[in-house]
Amino acid sequence: MDLHILEHRVRVLSVARRGLWLYTHPLVKLLFLPQRCRCKFFSLTETPEDYTIMLDEEGFKELPPSEFMQVADSTWLVLSVVSNGRASSGCQATGVTKIAKSVIAPLAEHNVSVLMLSTYQTDFILVREKDLPMVIHTLAGEFDIYKEENGESVPVNCDDVSNGFLKPKPAASPTVHPVQSPQNRFCILTVAPDTLPAIATMLIDVLFYSHSPPKEAGPGSQDLDTITFFAFSLIEGYISIVMDAETQKRFPSDLLLTSSTGELWRMVRIGGQPLGFDECGIVAQIAEPLANVDISAYYISTFNFDHALVPEDGIAEVIELLQRRQESGR
């Protein structure tokens, strides 16, 4: 397998729900007119707490600073695993589980914090730019590593990185975070770019105007009624949408494309309190045990919490597995 370091330099930020009105115009531009701002990497995820936005530097220029916006200090680089010389864009990905053992776990063991963004087409691993030498050093034995420059894939000389590289200290035992499982059933979808204008009005309504008060759960609660969650990504021309099944009913069914099985997904939400960007092993806490039992999962990191989506028929097994892990970590 190959590991590609993409050209995008990504900023990660949170917009408070009460301040969304200030960002409606630039977000509509990023959603529907990316060619006007040359943004190639854009993701917006709505949660009960806020809106998490991941976007490249061209897109970041579109967002005005304000008291409602909180930006993570680091710039993040985007990694993508390519199998058999081909990226998975264009067909449905199998989820983050496929890269748990080869990417996520080794990085956690070497104290590298990651964010994950699974889409309909592929899975992206985000690492802080300052951690790139450690990432290359850690993964060079498993992957041929390439860096994309001006649209070309250039091999990375791993010997240059490894020469004189100090052996990293073992990572401290990660905190085992509580998990919650809301009752929503989710769909993972895509839309052909040329049909996006046909659902633009509905997307704008769902993202900006159809708000109900979020239902809160106490810290450590293992079960939620429902959760507000909607994710939209437009990355290098490919669109990915995650929405609950009730929201999907509001869209024309012939324009939303999903897998041939029409599979529904349930969510596992990680963290009783907001997670920190410096903490390592959060993604591995979920992805590794699921990989061990061959359960596929999509994973979306947000500014405060992480979210894994697993097949609906496997949710009971997943919750039991993660609860056992949590109890053993106490």
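Rules behind the numbers
- Residues numbered from 1 in each chain as written.
- Predicted model: local features only at pLDDT ≥ 70, side-chain atom pairs only at ≥ 80, totals over all residues.
- Heavy atoms only, no water.
- UniProt positions renumbered as here; feature names shortened; annotations may be inferred.
- Helix = DSSP H or I, 4+ residues; strand = E, 2+ residues; numbered from the N terminus.
- Buried < 20%, exposed > 50% of the residue type's maximum accessible area, 1.4 Å probe, protein only.
- Polar contact = N/O pair within 3.5 Å; in protein donor to acceptor, adjacent residues only side chain to side chain.
- Contact = heavy atoms within 4.5 Å.
- Salt bridge = Lys/Arg side-chain N within 4 Å of Asp/Glu carboxyl O.
- Pairing = 2+ DSSP bridges.
- Core = buried A, V, L, I, M, F, W, Y, C linked by side-chain atoms within 4.5 Å.
- Phe/Tyr/Trp six-rings, centres within 6.5 Å; stacked < 30°, edge-to-face > 60°.
- Lys NZ or Arg CZ within 6 Å of the ring centre and 35° of its normal.

- Taking an unreviewed UniProt entry as the reference, the protein chain is identified by name as Cytosolic arginine sensor for mTORC1 subunit 1 belonging to Apteryx owenii.
- Turning to the protein chain, the UniProt record has this under Sequence similarities (unreviewed entry): "Belongs to the GATS family."
- Note on the protein chain: under the UniProt heading Subcellular location (unreviewed entry), the record states "Cytoplasm, Cytosol".

A look at the side chain of Asn184
Logical step 1: Mapped onto the fold, Asn184 is located in the loop between β10 (179–180) and β11 (186–189).
Logical step 2: For Asn184, a relative accessible area of 7% gives the class buried.
Logical step 3: Engagement of the side chain of Asn184 in a polar contact is seen with the backbone nitrogen of Ile227, the distance being 2.8 Å.
Logical step 4: In this structure the side chain of Asn184 is engaged in a polar contact, spanning 3.4 Å, whose partner is the side chain of Asp244.
Logical step 5: When sequence neighbours within four positions are dropped, the list of residues in contact with Asn184 reads Asp225, Thr226, Ile227, Asp244, Trp265 and Arg266.

Regarding the pattern of salt bridges
Logical step 1: Using the criterion set out here, one finds twelve salt bridges in the structure.
Logical step 2: The salt bridge involving Arg9 is made with Glu129; its shortest N-O contact spans 2.7 Å. Residue Arg9 is found in strand β1 (residues 2–16), and its partner Glu129 is found in the loop between β7 (123–128) and α5 (132–139); the two are separated by 120 residues along the sequence.
Logical step 3: On the basis of relative accessibility, which here comes to 33%, the residue Glu129 falls in the partly exposed class.
Logical step 4: Put simply, Glu62 and Lys29 hold a salt bridge, and the shortest N to O gap is 3.1 Å. Linking Glu62 in the loop between α3 (57–60) and β4 (69–71) with Lys29 in helix α1 (residues 24–32), this pair joins segments that are 33 residues apart in sequence.

Considerations on the pairing of strand β9 (residues 152–155)
Logical step 1: Pairing of strand β8 (residues 144–149) with β9, which is carried by four bridges, proceeds in the antiparallel orientation. Counted as the bridge partner of Glu148 is Ser153 from β9.
Logical step 2: With antiparallel pairing between neighbouring strands as the criterion, β8 and β9 make up a hairpin whose turn holds two residues, including Asn150 at a positive phi of roughly 55 degrees.

A word on the nonpolar core
Logical step 1: Core analysis: the largest hydrophobic core is formed by 46 residues, its most contacted members being Ile125, Val127, Ile145 and Tyr299.
Logical step 2: At seven residues, the largest contribution of residues to this core is made by helix α9 (residues 282–292).
Logical step 3: For Tyr299, the residues in contact, after removing those within four places along its chain, are Val96, Met116, Leu117, Ser118, Ile270, Ile282, Val283, Ile286, Asp306, His307 and Ala308.

Some words on α5
Logical step 1: Most of α5 sits out of view: six of its eight residues are buried.
Logical step 2: Among the residues making up α5, those that are buried are Leu132, Met134, Val135, Ile136, Thr138 and Leu139.

Here we look at the packing of aromatic side chains
Given two aromatic rings, their pairing is described by the distance between the two centres and the angle made by the two planes.
Logical step 1: Applying the stated rule across the entire model yields four aromatic pairs.
Logical step 2: When the centroid spacing of 5.7 Å and the interplanar angle of 70 degrees are considered together, the rings of Phe41 and Phe124 count as edge-to-face. Residue Phe41 is found in strand β2 (residues 41–46), and its partner Phe124 is found in strand β7; the two are separated by 83 residues along the sequence.
Logical step 3: Under the relative-accessibility criterion, Phe41 is labelled buried at 0%.
Logical step 4: Relative accessible area serves as the criterion here: at 6%, Phe124 is assigned to the buried category.
Logical step 5: An angle of 85 degrees between the planes, with centres 5.9 Å apart, marks the rings of Phe186 and Phe229 as edge-to-face. Of this pair, Phe186 sits in strand β11 while Phe229 sits in the loop between α7 (200–209) and β12 (230–235); the two residues are 43 residues apart in sequence, bridging distant segments of the chain.
Logical step 6: Cation over ring: Arg269 sits above Phe305, and NZ or CZ is 4.3 Å from the ring centre.

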